Amino acid sequence: MITRQRLAAGVCALLAALTAGIAFPAGAVADGEPDGQAAPKVELVLDVSGSMRTRDIDGGSRMAAAKQAFNEVLDATPKEVQLGIRTLGANYRGDDRLTGCKDTEQLYPVGPLDRTEAKTAVATLAPTGWTPIGPALQKAAGDLQGGDGTRRIVLISDGEDTCQPLDPCEVAREIAAKGIGLTIDTLGLVPDAKTRDQLSCIADATGGTYTSVRHKEELTDRVGQLVDRAADPVVTPVATEGATDCARAPELKSGLYTDREEFGRQRWYRVAVDPGQELRASVSVADDRAVNPDYGVLLRAVTVHGREIVRGEAAGTGRTDVISTGLRYPRPESDDDNAPAETVCLQVTNSFSAAPGVKTTPGLPLELTVDVVDGPDKASDVAAFGLGRGWWLLGVLVVVGFLAGLVWGWLSRWRVAVWRTN
């Protein structure tokens, strides 16, 4: 009995050690993580058009609900957040469309918050005119220029933009194409289908969120969450511009990058990898407008001479609006201490196609993550153990299973022999 228990314990210990090696790999820390964050900036953009007089939010007007939300959010705004307020449709009462579509002004400048002054400015607002969402977003993006901290626009509206053909979705895409790391979150007050579609499109174009609101508490809670989120430490993507071939491609270090890629085209980037280092790269491409189903994205690592090293690819069928893939390339150690770094060319190709009548410019938003770390040298590392290469893990599991089967068979025969003897 003691022998059987010891053998069983040994098998369990072996399996536990192998499992620990898989489940708890040694983590690698990427270079270039930011040590501190600049002051985050948020601008609240409020629709003050005539439709905000409608009394359908908990028995009160939409404007009253917005004012209450603003007052409570201003009281709770973190001190490190620089906050501003911009209005649209707050001043012009006439019927001249050209004038009405210019009706946007900064009610409170982006900067350190004086709660009393900001509340006083909000208290004077009354529902008035048109709904120039596109022009207001353009101005708000300008209000948030400068600095390296996070930048966020929170748009609160109850209707569609009335100043077409300046499509607010196109404005949002142009803002995103500048690569300034600005996010637009939208909230629709008792929205109809057209308003919901437009506000969702604006948010999707910049990686923001859309929320439908029908109660005062929902509005207050959601605006507060978005303002608080701006204060959370994040890694701001760096805008870059890939080339049409590797020779002219920008050289990237470890970090997070954004770019724009035209439909069905490719972008090239370069990364230097020293002997003993491992390149880990991933890419995500988002369809921020209507596209045809059946699309894909391909990420290849090739040498400067065009030989493919490794690739990652993914395909979609129209059910998701973001498609991602990645790859890993461990460069072997070198006996030469002065061995130069190897230039690895990263090629990103997409097979998206625009739906009929949809603009193809600017290109689709692309996010590229590059991580160059020391190569694995311990069994606790997933790549060293073989999970990244497949066959090592399979071989170890086969051997362990075979040995466990032998031990179990021997124990069974021994037990039967003892039983017969007794």
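These numbers were taken from a predicted model, which means no experiment stands behind them.

## Considerations on the side chain of Asp 185
Piece 1. Inspection of the secondary structure assignment puts Asp 185 in strand S5 (residues 182-189).
Piece 2. Under the relative-accessibility criterion, Asp 185 is labelled buried at 0%.
Piece 3. A distance of 2.4 Å separates a polar atom in the side chain of Asp 185 from a polar atom in the side chain of Arg 152.
Piece 4. Every residue in contact with Asp 185, bar those within four places of it in the chain, is listed here: Arg 152, Ile 153, Val 154, Leu 155, Gly 208, Thr 209 and Leu 226.

## With respect to the environment of Gly 242
Piece 1. Take Gly 242: it is sitting in the loop between strand S7 (238-239) and strand S8 (255-261).
Piece 2. Accessibility expressed as a relative area gives 8% for Gly 242, which makes it buried.
Piece 3. Each C-alpha atom of the pair Gly 242 and Leu 346 lies 9.8 Å from the other, and the pair is 104 residues apart in sequence.
Piece 4. Residues in contact with Gly 242, not counting those within four places in the same chain, are Pro 250, Asp 259, Arg 267, Trp 268 and Tyr 269.

## Quick notes on the state of the cysteines
Piece 1. For the structure on display, the rule yields three disulfides.
Piece 2. Through a disulfide, Cys 101 is tied to Cys 163; the S-S separation comes to 2.0 Å. Disulfide Cys 101-Cys 163: the torsion about the S-S bond is -100°, which places it as left-handed. Of this pair, Cys 101 sits in the loop between helix H3 (97-100) and strand S3 (104-111) while Cys 163 sits in the loop between strand S4 (151-157) and helix H6 (168-177); the two residues are 62 residues apart in sequence, bridging distant segments of the chain. Each member of the pair, Cys 101 as well as Cys 163, is classed as buried.
Piece 3. With its sulfur 1.9 Å from that of its partner, Cys 246 forms a disulfide with Cys 345. Here Cys 246 and Cys 345 share a disulfide; its torsion about the S-S bond, -65°, makes the bridge left-handed. With a gap of 99 residues between them, Cys 246 in the loop between S7 and S8 and Cys 345 in strand S14 (residues 342-350) connect regions that are remote in the sequence. Comparing Cys 246 with Cys 345 shows no difference in burial state: the two are buried.

## Topic: a negative patch on the surface
Piece 1. A cluster of acidic residues, Asp 58, Glu 72, Glu 217, Glu 218 and Asp 221, forms a negative patch on the protein surface.
Piece 2. Ranked by residue count, the leading element in the negative patch is helix H8 (residues 216-231), at three residues.
Piece 3. By the element assignment, Glu 218 lies in helix H8.
Piece 4. For Glu 218, a relative accessible area of 37% gives the class partly exposed.

## Digging into the sheet that holds S14
Piece 1. Read across the open sheet, the four strands follow the order S9-S14-S11-S12; overall the sheet is antiparallel. Single-partner strands in this sheet number two, and they are strand S9 (266-273) and strand S12 (308-316). Strand-to-strand, the axes of this sheet are offset by a mean angle of 15°, without reference to chain direction.
Piece 2. Pairing between strand S11 (residues 295-302) and S14: six bridges, direction antiparallel. What sits directly across from Leu 299, in S14, is Val 348.

## Notes on helix H2 (residues 62-76)
Piece 1. In this model H2 runs 21 Å from its N-terminal to its C-terminal C-alpha over 15 residues, within 8% of the 21 Å that 1.5 Å per residue would give.
Piece 2. For H2, the elements touching its buried residues are strand S1 (41-47), strand S2 (82-88), helix H4 (115-123), S4, S5 and H8.

## A few points about the packing of H2 against H4
Piece 1. Direction vectors running N to C along H2 and H4 enclose 175°, while the axes themselves pass 10 Å from each other. Here H2 is positioned roughly antiparallel relative to H4, judged by the angle of their axes. Here Lys 67, Phe 70, Asn 71, Leu 74 and Asp 75 of H2 lie close against H4, whose contacting residues are Arg 115, Ala 118, Lys 119, Val 122 and Ala 123.
Piece 2. Looking at the contact of H2 with H4, its residues break down into five nonpolar, one polar and four charged.

## As for the packing of H2 against H8
For any two helices packed against each other, one specifies the inter-axial angle together with the distance between the axes.
Piece 1. Viewed as axis vectors pointing N to C, H2 and H8 meet at an angle of 40°, and their least axial separation amounts to 9 Å. Crossing geometry of H2 relative to H8 is assigned as right-handed. For the pair formed by H2 and H8, the contact residues are Ala 65, Ala 66, Gln 68, Ala 69, Glu 72, Val 73 and Ala 76 on the first element and Lys 216, Leu 219, Thr 220, Val 223, Gly 224, Val 227 and Asp 228 on the second.
Piece 2. Residue composition of the contact of H2 with H8, by class: eight nonpolar, three polar and three charged.

## Remarks on the nonpolar core
Piece 1. Core analysis: the largest hydrophobic core is formed by 35 residues, its most contacted members being Leu 46, Ile 156 and Leu 219.
Piece 2. Secondary structure elements with two or more residues in this core: S1, H2, S2, S3, H4, S4, S5 and H8.
Piece 3. In terms of residue count, the dominant contributor to this core is H2 (seven residues).
Piece 4. Of all hydrophobic cores here, the second largest spans 27 residues; its members include Leu 279, Ile 323, Val 344 and Val 372.

## A few points about the pattern of salt bridges
Piece 1. Enumeration over the complete set of coordinates arrives at 18 salt bridges.
Piece 2. Among the salt bridges present, the one from Arg 152 reaches Asp 185, with a minimum N-O distance of 2.4 Å. With Arg 152 in strand S4 and Asp 185 in strand S5, this pair connects stretches of sequence that are 33 residues apart. In this pair, the class of Arg 152 matches that of Asp 185, namely buried.
Piece 3. Measuring nitrogen to oxygen at the nearest pair gives 3.7 Å for the salt bridge that ties Glu 342 to Arg 331. Within this pair, whereas Glu 342 is found in strand S14, its partner Arg 331 is found in the loop between strand S13 (322-330) and S14, the two being separated by 11 residues in sequence.
Piece 4. Overall, the relative accessible area of 18% leaves Arg 331 in the buried class.
Piece 5. Through salt bridges that share partners, Arg 300, Glu 308, Arg 311 and Glu 313 make up one connected network.

Conventions adopted
Residues numbered from 1 in each chain as written. Predicted model: local features only at pLDDT ≥ 70, side-chain atom pairs only at ≥ 80, totals over all residues. Heavy atoms only, no water. Helix = DSSP H or I, 4+ residues; strand = E, 2+ residues; numbered from the N terminus. Buried < 20%, exposed > 50% of the residue type's maximum accessible area, 1.4 Å probe, protein only. Polar contact = N/O pair within 3.5 Å; in protein donor to acceptor, adjacent residues only side chain to side chain. Contact = heavy atoms within 4.5 Å. Disulfide = S-S within 2.5 Å. Patch = residues over 30% accessible without salt bridge, like charges linked within 9 Å, V, L, I, M, F, W, Y side chains within 5 Å. Areas by Shrake-Rupley, 256 points an atom, 1.4 Å probe, with all protein chains shown as cover. Salt bridge = Lys/Arg side-chain N within 4 Å of Asp/Glu carboxyl O. Lys, Arg positive; Asp, Glu negative; His and termini not counted. Charge placed at Lys NZ, Arg CZ, Asp CG, Glu CD. Pairing = 2+ DSSP bridges. Axes fitted to C-alpha atoms, helices over the stretch in contact; angles between N-to-C directions. Expected span 1.5 Å × (residues − 1). Parallel < 35°, antiparallel > 145°, perpendicular 65-115°, else oblique. Nonpolar A, V, L, I, M, F, W, Y, C, P; charged D, E, K, R; others polar. Left-handed = near helix turned anticlockwise from the far one by under 90°. Core = buried A, V, L, I, M, F, W, Y, C linked by side-chain atoms within 4.5 Å.

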